[in-house]
Amino acid sequence: MNTPLIIEIHGAGAHNRGAELMAIAIAAQMRAAFPNVRIAVPASRSWPFEVRARYGFLATPDFPGNLRSRALLRLLPAETLTRLGIVHPSRVDCVLDASGFAYSDQWGRGPARRMVHKMNHRSRRHQTLILLPQAFGPFKNPVVANYARRLVARADIVCARDDQSFAELQKIARPPKICQYPDFTLAVKPLAPENLSLPCPFAAIVPNKRMLDKTSGAQTYLQFLHSVITSLSSSGLNPAFVLHDAGEDQEVPEKLALGLPVLTHPDPRVLKWILGRASIVVGSRFHALAGALSQGVPCIGAGWSHKYRELFKDFACEDLLITDLADPSPMQRALAALRTASQRETTAARILQASQTLQQKTDQMWARIEHRIRTPLPVRTTSTSSPSE
């Protein structure tokens, strides 16, 4: 293992606040466990220089098709590259994959294929690869399944985030390599902003553009939100949009054109603080819901994949996930169950109890991962794919 230890975070990024929150959580945990560690992220549009600088991240530029850039990396001394905020990919000791939800039929073969080729490159065969808790599957497409199988074979530890993801992984791999742990951003502390006033009381509406382009019911989703907002307003809860991805999700309040306040912030920890102040959150962004639930805020969820159902099951509030947006009855029942402050307090207590159990499991996960990082790896003499494939 090199000194200092270099850990690369793959799959996270500043392209949405949930992905950024995962990077914050990983960096905090690794810096606490390994005081001299250096954290790197792939050089990409997901990690602009100013964001990397804010978090103290180095960049690992992979240039598989750019011979001039690869030659430049080989010629420059490591100390010079470090001063430039760059670390050669071959110097990475461990890659922690925090893709969230990438390896499935819904995203096609691309994410798994790219990761297989990256980690089987001769310059990276010595590196530990750990797939942190994330959603996996389905793998009905044989091409997607093949690349996912090869990725799991290359990894040292593979963490499913929920029961269904674990079941999908069992179709392409076997324990003890695969295991199950909850979302690891739950422990990230909220950050109170300066000079931000919120309606009191207020209900946070967290939209997700994926509900428009990853489902067949875009108009149904908009009608669902309109109905929820109308009901919340009549209950005196002052609904406001909270954007967990200001770039993409702005389209949803624009389409609804209801004139509600729109709250956003570049720091996901501030967004978590905002959601923690809400009486109710109605959301479709996974990490916004996870952040609110971890603070005991009752949430009504509407999602586009199995990861939402599994999240609400983890927090013992499956009754608050709406699976059929076209049927108004479940939404009306969920709102009725949270109409009064005492009802919300009862639900919050149940959610917080589940949150404590989830945090214990996360602590166990980090202990396992830290032990694996400290354990010397056997030399990898073969590869399941070639970088040029």
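Residue positions are counted from 1 within each chain, in the order its sequence is given. It should be noted that, the model being predicted, local features are given only for residues of pLDDT at least 70 and side-chain atom pairs only at 80 or more, the latter also being counted only at that level, while totals for whole chains, interfaces and linings use all residues. Where side-chain values are given, they derive from all heavy atoms of the structure, hydrogens and water being excluded.

A. Looking closely at the overall build of the protein chain. For helices the rule is a DSSP run of H or I covering at least 4 residues; for strands it is a run of E covering at least 2, with both sets numbered from the N terminus onward. The number of helices and strands found in the protein chain is 16 helices and twelve strands. A globule of 389 residues ought to have a C-alpha radius of gyration of about 21 Å, and the protein chain, at 22 Å, matches this closely. If one aligns the C-alpha atoms of the protein chain with their principal axes, the spans along those axes are about 65 × 45 × 35 Å. Burial classes follow relative accessibility: with a 1.4 Å probe on protein chains only, a residue under 20% of its type's maximum area counts as buried, one over 50% as exposed, and anything between as partly exposed. Counting only residues that meet the buried cut, the protein chain has 54% of its 389 residues in that class. Note on contacts: a residue pair qualifies if any of its non-hydrogen atoms lie within 4.5 Å across the two residues. Looking at the protein chain alone, contacts between residues at least 24 apart form 72% of all its contacts between residues at least 6 apart. For the protein chain, the accessible area works out to roughly 16,900 Å², and carbon and sulfur atoms hold 52% of it. For this count, His and the chain ends are skipped, Lys and Arg are scored as positive, and Asp and Glu as negative. Think of each charge as sitting on NZ of Lys, CZ of Arg, CG of Asp or CD of Glu. Here the protein chain contributes 47 positive and 31 negative side-chain charges, whose respective centroids are spaced 7 Å apart. Two things to know: the radius of gyration comes from C-alpha atoms, and the globule rule equals 2.2 Å times the number of residues to the power 0.38. In these tables, accessible area is a Shrake-Rupley quantity obtained with a 1.4 Å probe, and a residue counts as shielded only by the protein chains included in the view.

B. Inspection of the sheet that holds strand E4 (residues 94-97) at higher detail. Strand pairing is defined by DSSP finding a minimum of two bridges between the two strands. Ordered in space as E3-E2-E1-E4-E5-E6-E7, the seven strands form an open sheet in which the pairing is parallel. The open sheet is flanked by strand E3 (58-60) and strand E7 (178-180), the only strands paired with a single partner. Ignoring which end each strand starts from, the neighbouring axes of this sheet average 25° apart. Only the contacting stretch of a helix is used when fitting its axis, a line to C-alpha atoms as for every element, and angles between N-to-C directions run 0 to 180 degrees.

C. Region of interest: the sheet that holds strand E11 (residues 280-283). In spatial order, the strands read E10-E9-E8-E11-E12; together these five strands make up an open sheet with parallel pairing. Across the chains shown, the open sheet's two edge strands, defined by having one partner strand only, are strand E10 (262-263) and strand E12 (299-301). Along the sheet, helix H12 (residues 268-276) makes contact with strand E8 (203-206), strand E9 (239-242), E10 and E11, crossing E9 at roughly 160°.

D. Just the packing of aromatic side chains, in detail. Aromatic pairing here means that ring centres of Phe, Tyr or Trp (its six-membered ring) are within 6.5 Å. Orientation follows from the plane angle: under 30 degrees is stacked, over 60 is edge-to-face, and everything else is tilted. Here the structure, examined in full by the defined rule, presents five aromatic pairs. Plain terms: the ring middles of tyrosine 103 and phenylalanine 136 are 6.3 Å apart, the flat faces sit at 20° to each other, and that makes the pair stacked. With tyrosine 103 in the loop between E4 and helix H5 (110-119) and phenylalanine 136 in the loop between strand E5 (128-134) and helix H6 (142-154), this pair connects stretches of sequence that are 33 residues apart. Residue classification places tyrosine 103 among the buried positions, given a relative accessible area of 2%. With a centroid separation of 6.2 Å and 70° between ring planes, the pair formed by phenylalanine 286 and tyrosine 308 is classed as edge-to-face. Pair noted here: phenylalanine 286 is in helix H13 (residues 286-293) and tyrosine 308 is in helix H14 (residues 306-314), with a separation of 22 residues, a long-range link.

E. Broad picture of the nonpolar core. Core analysis: the biggest nonpolar cluster contains 61 residues, and Phe224, Leu232, Val242 and Val281 have the highest contact counts within it. The element best represented in this core is helix H9 (residues 218-234), accounting for seven residues. Excluding its chain neighbours within four sequence positions, the residues that come into contact with leucine 232 are Ala203, Ile205, Leu237, Asn238, Pro239, Ile280, Val282 and Leu335. We call a set of buried Ala, Val, Leu, Ile, Met, Phe, Trp, Tyr and Cys residues a nonpolar core when their side-chain atoms join them within 4.5 Å. If you look at the next biggest cluster of nonpolar residues, it comprises 38 residues, including Ala19, Val37, Val51 and Trp366.

F. How the structure looks around the confidence of the model for the protein chain. Each residue carries a pLDDT value, the predictor's own confidence for that position, ranging from 0 to 100. Looking at the protein chain as a whole, the pLDDT averages 89, with 91% of positions reaching at least 70. Confidence scores differ between elements of the protein chain, with helix H3 (residues 67-75) showing the lowest mean pLDDT of 61 and E4 the highest of 98. Every residue in residues 382-389 scores below 50 in pLDDT, and together they form 14 contacts with partners more than four places removed in sequence or on other chains.

G. A look at the pairing of E8. Taking every second residue as pointing to the same face, both faces of E8 are buried, with Ala203 and Ile205 on one and Ala204 and Val206 on the other. Of the pairings in the sheet, the one linking E8 to E9 comprises three bridges and is parallel in character. For isoleucine 205, the partnering residue across the bridge sits in E9 and is phenylalanine 241. Pairing of E8 with E11, which is carried by four bridges, proceeds in the parallel orientation. In the sheet register, valine 206 faces E11, and the bridge partner there is glycine 283.

H. Examining the pairing of strand E6 (residues 157-160) more closely. Here E6 shows two buried faces, one formed by Ile157 and Cys159 and the other by Val158 and Ala160. Summarising the sheet, E5 and E6 pair through three bridges and their orientation is parallel. Within E6, the residue paired with isoleucine 130 across the bridge is isoleucine 157. Handedness of the E5-H6-E6 crossover: right-handed. Of the strand pairs in this sheet, E6 and E7 are connected by three bridges, and their pairing is parallel. Here the term right-handed applies to a crossover when the path leading from its first strand over the helix to its second strand runs clockwise, the strands being oriented away from the viewer.

I. Geometry of the pattern of salt bridges. In what follows, salt bridge is the name for a side-chain nitrogen of Lys or Arg lying within 4 Å of a carboxyl oxygen of Asp or Glu. Per the stated rule, a full pass over the model turns up 19 salt bridges. The salt bridge involving arginine 210 is made with aspartate 213; its shortest N-O contact spans 2.6 Å. Of the two residues, arginine 210 and aspartate 213 both sit in helix H8 (residues 210-213), three residues apart, roughly one turn of that helix. We classify aspartate 213 as partly exposed; its relative accessible area is 40%. Through salt bridges with shared partners, one network takes in Arg210, Asp213, Asp245, Glu248, Asp249 and Arg285.

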